[in-house]
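Each chain, letter by letter, is given below.
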Amino acid sequence: MRDGLLIILFMIALTSLCDTFNQLFLKSAIDSLHFPGKFNLAGVFKFIFQLLIKPRVWLSFVFSVISLCIWLLVLSKADLNFAFSADSMHYIFIALASRFVLKERFGYLRWLGTALIVTGIVFVSLN
Amino acid sequence: MFKKKVTLKILLLLFASDILETAIHFFFKKGALTRAEFAVTDLASAAVFLKAVFSSPFLWAGLLTVVAVFIIWSTVLSRIDLSVAVPIASFSYILVPVVSVIFLHEQISVLRWAGILFILAGVILVSLSSKERIAESK
């Protein structure tokens, strides 16, 4: 069971990492577009069409598919509540990526919050 | 660079994405459960497993919901920073365990609930640190 838990956690880390790449590529593609001022449905669909012709969006899509495949394997073995809670480790990856790749700035509260999430994942896994 | 402030409309979109996000994981779990007894030991058996799971209607219901969430996220992320949007869209950390207990009959120990609360507390702190950034940039 202990070996099983480690493998499941490793697979969840892989999906989290893929999700982080997915979000980074998506965010980078969206930042390169100008969003229409109006918040209507037509504007949204036009925006999505402009997104879909960006190669970065397709890279993001590839990472989503890899992430989904690993995630389905995880879900066939682990409880949903455990897998979903442990999947919050993507916060750690997103915090690091936001800081070092997107160069967003944030203070100590953000790091404290991330540390609490790490503690939570340990508790959830100790079960 | 901070973009625009979080409006009520964006907040509502994020809460809608919480509920849809919970639905996604419920559907995927139901899809994966259709082949729970299948032993995956290598890439070949993983491919067989995935092929079987991808024929489950639950999986496709989940994927449709993913598209809905993608549309919501594309809109939200063009308006606010990733580090602001992600924390607010996190109430699914409570919703998913609740759905797991009610609909999937999973059991959650006290220690695990404690862990879930730690994660949620962490998420709220991360949100507060985003608010701090908004105040600073004014």
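Residues numbered from 1 in each chain as written. Chains lettered and ligands numbered in written order. Predicted model: local features only at pLDDT ≥ 70, side-chain atom pairs only at ≥ 80, totals over all residues.

> Even after reading the chapter, I still don't get the overall build of chain A, so can you show me in this structure?
Helix and strand counts for chain A come out as six helices and zero strands. Along the chain direction, N to C, the helices and strands of chain A fall in the order α-α-α-α-α-α. With respect to the three principal axes, the spread of C-alpha positions in chain A is 50 × 35 × 25 Å. By residue count, 43% of the 127 residues in chain A fall in the buried class. Considering only contacts in chain A between residues 6 or more positions apart, those separated by 24 or more positions represent 79%. (Helix = DSSP H or I, 4+ residues; strand = E, 2+ residues; numbered from the N terminus. Buried ≥ 20, exposed ≤ 12 C-beta atoms within 10 Å, placed from the backbone. Contact = placed C-beta atoms within 7 Å.)

> What's the story with the overall build of chain B in this structure? I'm lost.
A tally of helices and strands in chain B yields six helices and zero strands. Buried positions account for 39% of the 138 residues belonging to chain B. Long-range contacts, defined here as pairs at least 24 residues apart, represent 80% of the contacts in chain B between residues at least 6 apart.

> How should unusual backbone geometry be read in this particular structure?
Note: most peptide bonds trans; most residues except glycine with negative phi. Look at B:H105: it is not a glycine, yet its phi comes out positive at around 55°. Given 7 C-beta atoms within a 10 Å radius, B:H105 is considered exposed.

> Help me understand the interface of chain A and chain B, please; the structure alone is not making it clear to me.
One widely used convention gives an interface's size as the accessible area the parts lose upon coming together. Counting residues at the interface gives 42 residues for chain A, matched by 47 residues for chain B. Top element by residues in the side of chain A that touches chain B is helix α6 (residues 108-126) of chain A. It accounts for 13 residues. For the side of chain A that touches chain B, the class distribution of residues is 26 nonpolar, 12 polar and four charged. (Nonpolar A, V, L, I, M, F, W, Y, C, P; charged D, E, K, R; others polar.)

> Before we go on, may I ask you to explain the nonpolar core in this structure?
Counting 58 residues, the largest nonpolar core has A:L72, A:V74, A:L75, A:A83, B:F28, B:V76 and B:A85 as its most contacted members. Tallying contributions element by element places helix α1 (residues 8-33) of chain B first for this core, with nine residues. Excluding residues that lie within four positions of it along the chain, A:V74 makes contacts with A:I8, A:M11, A:I12, A:T15 and A:A83. (Core = buried A, V, L, I, M, F, W, Y, C linked by C-beta atoms within 7 Å.)

> Sorry, what's going on with the environment of B:I108 here?
By the secondary structure assignment, B:I108 is in the loop between α5 (92-104) and α6 (110-137). Of the residues examined, B:I108 has 19 C-beta atoms within 10 Å and is grouped as partly exposed. Spatially, the C-alpha atom of B:I108 lies 20 Å from that of B:F28, the residues being 80 residues apart in sequence. Non-local contacts of B:I108, meaning those with residues more than four positions away in its chain, are made with A:N81, B:P97, B:V101 and B:W113.

> Explanation requested: the packing of helix α5 (residues 90-100) of chain A against α6(A) in the structure shown.
Two packed helices can be described by the angle between their axes and the distance between those axes. Residues and elements named next belong to chain A. Contact pair α5 / α6: the axes reach a minimum separation of 9 Å and the direction vectors enclose 155°. The angle between the axes of α5 and α6 places the two elements in the roughly antiparallel class. For the element pair α5 and α6, the recorded crossing hand is left-handed. Contacts between α5 and α6 involve Y91, I92 and A95 on the former and, on the latter, R110, T114, I117 and V118. Residues belonging to the contact of α5 with α6 are distributed by class as follows: five nonpolar, one polar and one charged. (Axes fitted to C-alpha atoms, helices over the stretch in contact; angles between N-to-C directions. Parallel < 35°, antiparallel > 145°, perpendicular 65-115°, else oblique. Left-handed = near helix turned anticlockwise from the far one by under 90°.)

> I tried to follow the confidence of the model for chain B on my own but got confused; where do I start?
Detailed conclusions should not be drawn from predicted coordinates in areas where pLDDT is low. Averaged over all residues, the pLDDT of chain B is 83; the fraction at 70 or higher stands at 86%. ipTM for the predicted complex: 0.77, alongside a pTM of 0.78. (pLDDT = per-residue confidence, 0-100.)

> Help me understand the packing of α1(B) against α5(B), please; the structure alone is not making it clear to me.
All names here are of chain B. Packing of α1 against α5 leaves a shortest axis separation of 9 Å and a crossing angle of 40°. Comparing their axes, α5 and α1 come out oblique. Helix-helix and strand crossings are classified by hand; for α1 and α5 the assignment is right-handed. On the side of α1, the interface is formed by D18, E21, T22, H25, F26 and K29, while α5 contributes S92, L95, V96, V99, F103 and L104. Grouping the amino acids of the contact of α1 with α5 by side-chain chemistry returns six nonpolar, three polar and three charged.

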